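# Structural overview for review
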Amino acid sequence: MEKDASIYIAGHRGMVGSAIKRHLENIGYTNLLLRTSTELDLRNQQAVTDFFTSEQPEYVFLAAAKVGGIISNNTYRADFIYDNLIMETHVIHAAHIFGVKKLLFLGSSCIYPKMAPQPLKETYLLTGPLEPTNEPYAIAKIAGIKLCEAYRDQYGKDFISVMPTNLYGIGDNYHPENSHVLPALIRRFHEAKETNQPSVTIWGSGTPKREFLYADDLAAACVYLMNHYSERELINVGTGEDLSIKELAELVKDVVGYNGKLAFDTSKPDGTPRKLMDVSKLHNLGWKHSTSLEEGISKAYQDFLRHTYVER
C-alpha cells in the first residue's frame, strides 16, 4: 500500500478497527477514510454505494462486525447472522464494483468445527459441525470468506481473508453479559477488588483452553498481510500458544491485584473445549506477535481504568 493511498477502515471505532487505524497512522499512512455507523450504515446498500462512489477507496480493511460473547451470540442469533452477512456483502460487492485494489476481510476462529483437531489449520474449514452457541455468527463469517474467494475466482479480485484468534486490548467491550471472556474477567476482578468480595465466580469448569492475541498485534499483522499476502486461501493470525480459562483467570487476577478466591460455576456452558490456531503459515511469511499475554492484559487493564465504559 502506498503511504498516500486512500484506505477505508470499516469499523474504525471497534477494538480491531481502531487498532488498525492507530497502526497505520503510526507508520505514516495519511489518507484514511473513516465513517461511524451513524454516518454510514453498512446494512444499507445504497449508502455503501454512495460512499464508494464519492470516496473511491483504493484499499479496504473490513473490520466492521456485530460481535459478542456466548450469551449475546446465543440470544441474538438472527441479529448476528443478518447484520454480519449484509454488511460484508455490501462492502465486498462495492469493493468489486468500484475497483478497489485490495480488500482484507477479518473473520474469526469460530469458523472452525467445534471438534476439529488442534491446532486449527486453515484446511479444517467446513470439515465438521460448528459450535452451536455461535453458529449464526460463524456462518456469516464463513460466507465472507467464500465471498472473497468467489470474487477472486470469477473476477480476479485481490481479496484476502484473515482469521484472528481470540482478541483483547484497548477499547474492548466490558459489558457484564455481552463481553468476551478476557475483558469480562478484567471487569469482574476489578469490581471484586473495589468491593472487597471474598471470591469471584467464573463461568464453566475452567478447563477449556484458549489462545489470546493483543489487538494491536493483529493490526500489525493485517497491515503486514495487506502488503505481503495475496493468496486465495484464508490465513490464521494468532500466537500459537494457549492456556486454560483457569490459568487465564489466575493471570488476570494477579494483574488486577485481586486477593480473593476463584470459584467455578459448572452449570454454565464451556463452549469449545480448545481453540488453538496453527499459525505456521503466518510465521513462514515472516510475521510473529510481539506482545506477551501478561503485558497485553496489563495494557488492557490500564485502558479499562482510564475510561468509564458504557454498557453496549
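Treat the numbers as computed from the prediction; the structure is a model and nothing was measured. (Residues numbered from 1 in each chain as written. Predicted model: local features only at pLDDT ≥ 70, side-chain atom pairs only at ≥ 80, totals over all residues. Heavy atoms only, no water.)

### Description of the packing of helix α8 (residues 245–256) against helix α10 (residues 293–306)
With their axes 10 Å apart at the nearest point, α8 and α10 run at an angle of 50° to one another. Classified by the interaxial angle, the pair formed by α8 and α10 is oblique. Seen from above, α8 lies across α10 with right-handed handedness. Seen from α8, the contacting residues are Leu 248, Leu 251, Val 252, Val 255 and Val 256; seen from α10, they are Leu 293, Glu 294, Ile 297, Ser 298 and Tyr 301. (Axes fitted to C-alpha atoms, helices over the stretch in contact; angles between N-to-C directions. Helix = DSSP H or I, 4+ residues; strand = E, 2+ residues; numbered from the N terminus. Parallel < 35°, antiparallel > 145°, perpendicular 65-115°, else oblique. Left-handed = near helix turned anticlockwise from the far one by under 90°. Contact = heavy atoms within 4.5 Å.)

### Points about the pattern of salt bridges
In the structure shown here, the tally under the stated rule is 21 salt bridges. A salt bridge links Glu 2 to Lys 101, with the shortest nitrogen-to-oxygen separation between them at 3.9 Å. Here Glu 2, found in the segment before β1 (7–10), pairs with Lys 101, found in the loop between α4 (77–97) and β4 (102–106); they are 99 residues apart in sequence, far enough to count as distant. Taking relative accessible area as the criterion, Glu 2 reaches 34% and is therefore assigned partly exposed. You can call Lys 101 partly exposed: its relative accessible area is 42%. Across the pair Arg 43 and Asp 41 runs a salt bridge, and its minimum N-O distance is 3.1 Å. If you follow the salt bridges from partner to partner, you end up with Lys 146, Glu 149, Asp 153 and Arg 232 in one network. (Salt bridge = Lys/Arg side-chain N within 4 Å of Asp/Glu carboxyl O. Buried < 20%, exposed > 50% of the residue type's maximum accessible area, 1.4 Å probe, protein only.)

### Examining the UniProt feature "site: Important for catalytic activity" (unreviewed entry) in the chain
The residues that UniProt annotates with the feature "site: Important for catalytic activity" (unreviewed entry) are Ser 108 and Cys 110. Positionally, Ser 108 belongs in the loop between β4 and α5 (135–155). We classify Ser 108 as buried; its relative accessible area is 14%. If we ignore the near neighbours within four places in the chain, the residues touching Ser 108 are Tyr 137, Met 163 and Pro 164. Along the chain, Cys 110 turns up in the loop between β4 and α5. For Cys 110, a relative accessible area of 6% translates into the label buried. When near neighbours in sequence (up to four residues on either side) are disregarded, Cys 110 contacts Leu 130, Asn 134, Tyr 137, Ala 138 and Lys 275. (UniProt positions renumbered as here; feature names shortened; annotations may be inferred.)

### Points about the sheet that holds strand β5 (residues 159–164)
Across the sheet, six strands lie side by side as β2-β1-β3-β4-β5-β10; this open sheet has parallel pairing. The strands lining the two open edges of the sheet, one partner per strand, are β2 (32–33) and β10 (235–237). In terms of strand pairing, strand β3 (residues 59–62) meets β4 through four bridges, oriented parallel. Pairing of Phe 61 across the sheet is with Leu 104, part of β4. (Pairing = 2+ DSSP bridges.)

### Here's the deal with the nonpolar core
Of all hydrophobic cores here, the largest spans 39 residues; its most connected members are Tyr 8, Leu 42, Phe 52, Ile 92, Leu 103, Phe 105 and Ile 111. The set of elements that each furnish at least two residues to this core consists of β1, α2 (45–55), β3, α4, β4, α5 and β5. Among residues more than four places away in sequence, those in contact with Phe 105 are Leu 62, Glu 88, Ile 92, Lys 141, Gly 144, Ile 145, Cys 148, Ile 160, Ser 161, Val 162 and Met 163. Core analysis: the next-biggest nonpolar cluster, separate from the first, contains 34 residues, Ala 220, Cys 222, Met 226 and Leu 282 among them. (Core = buried A, V, L, I, M, F, W, Y, C linked by side-chain atoms within 4.5 Å.)

### Things to note about α8
Over its twelve residues, α8 extends 16 Å from the first C-alpha to the last, a length consistent with the 16 Å expected when each residue adds 1.5 Å. Of the residues making up α8, those classed as buried are Ile 245, Leu 248, Ala 249, Leu 251, Val 252, Lys 253 and Val 256. Backbone geometry just after α8 places Gly 257 at a positive phi near 85°. (Expected span 1.5 Å × (residues − 1).)

### Description of the packing of aromatic side chains
Scanning all chains against the criterion turns up eleven aromatic pairs. Arranged with centres 5.6 Å apart and planes meeting at 90°, the rings of Phe 51 and Phe 52 form a pair that is edge-to-face. With a relative accessible area of 0%, Phe 52 lands in the buried category. Following the ring pairs from residue to residue traces out a cluster consisting of Tyr 8, Phe 51, Phe 52 and Phe 98. A cation over a ring is seen here: Lys 3 above Tyr 29, with NZ or CZ 5.4 Å from the ring centre. A cation over a ring is seen here: Lys 66 above Phe 80, with NZ or CZ 5.4 Å from the ring centre. (Phe/Tyr/Trp six-rings, centres within 6.5 Å; stacked < 30°, edge-to-face > 60°. Lys NZ or Arg CZ within 6 Å of the ring centre and 35° of its normal.)

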